[in-house]
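# Chain and residue survey
Residue strings, one per chain:
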Amino acid sequence: MKKDFTTMEIMEYLKDFSDRMDQRFYEVDEFFNKINQRFDYQDERINMIETSIVTKNQFNSLVGVLQRNKVISEFEAAHAKYEGFGSMN
């Protein structure tokens, strides 16, 4: 037997449905906000790394200074200097 719904019942069901959908959208929005916060944090960390990283020339210059001041040996300097990809000295 088919039940006939009153207008008030239909409106109540629609309001409940709308409230549940609002809650779901709110939860999804919160989830994406957390993801955006993580991306912002990662972006900040990458920027910190990029601004504090040394260049190949700076590193090799430091190795040269350490060798000249006898902090490291010629052997250590030779193995520490950055020669680029493909060098296996």
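Quick caveat: nothing in here was measured; it's all calculated off a predicted structure.

## Notes on the overall build of the protein chain
When its secondary structure is counted, the protein chain shows 3 helices and 0 strands. Secondary structure elements of the protein chain, listed N to C terminal, follow the sequence α-α-α. Radius of gyration (C-alpha) of the protein chain: 32 Å, far over the 12 Å computed for a compact globule of 89 residues. With the C-alpha coordinates of the protein chain rotated into their principal frame, the extents come out at 95 × 25 × 15 Å. Every one of the 89 residues in the protein chain was classed for burial, and the buried ones make up 6%. Carbon and sulfur atoms make up 58% of the accessible area of the protein chain, which totals about 8,700 Å². Side-chain charges in the protein chain split into 12 positive and 16 negative, and the spacing between the mean points of these groups amounts to 7 Å.

## Remarks on the packing of aromatic side chains
By the definition in use, this model includes 2 aromatic pairs. With a centroid separation of 5.8 Å and an interplanar angle of 70°, the aromatic rings of Phe-31 and Phe-32 are classed as edge-to-face.

## Examining the environment of Glu-30
By the secondary structure assignment, Glu-30 is in helix 1 (residues 7–52). You can call Glu-30 partly exposed: its relative accessible area is 30%. C-alpha of Glu-30 to C-alpha of Glu-83: the two residues are 53 residues apart in sequence and 48 Å apart in space.

## Describing the pattern of salt bridges
Going through the model one piece at a time under the given rule, you end up with 2 salt bridges. Lys-15 is paired through a salt bridge with Asp-19; the nearest N and O atoms lie 2.9 Å apart. Residue Lys-15 and its partner Asp-19 are both found in helix 1; the two are separated by 4 residues, about one turn of the helix. The exposure class assigned to Asp-19 is partly exposed, which follows from its relative accessible area of 37%. With its nearest N and O atoms 3.9 Å apart, the salt bridge here joins Arg-24 to Glu-27. Of this pair, Arg-24 and Glu-27 both sit in helix 1, 3 residues apart, roughly one helical turn. The exposed category is assigned to Arg-24, whose relative accessible area is 52%. By relative accessible area, Glu-27 is classed as partly exposed at 40%.

Criteria and thresholds
- Residues numbered from 1 in each chain as written.
- Predicted model: local features only at pLDDT ≥ 70, side-chain atom pairs only at ≥ 80, totals over all residues.
- Heavy atoms only, no water.
- Helix = DSSP H or I, 4+ residues; strand = E, 2+ residues; numbered from the N terminus.
- Rg over C-alpha atoms; globule rule 2.2 N^0.38 Å.
- Buried < 20%, exposed > 50% of the residue type's maximum accessible area, 1.4 Å probe, protein only.
- Areas by Shrake-Rupley, 256 points an atom, 1.4 Å probe, with all protein chains shown as cover.
- Lys, Arg positive; Asp, Glu negative; His and termini not counted.
- Charge placed at Lys NZ, Arg CZ, Asp CG, Glu CD.
- Phe/Tyr/Trp six-rings, centres within 6.5 Å; stacked < 30°, edge-to-face > 60°.
- Salt bridge = Lys/Arg side-chain N within 4 Å of Asp/Glu carboxyl O.

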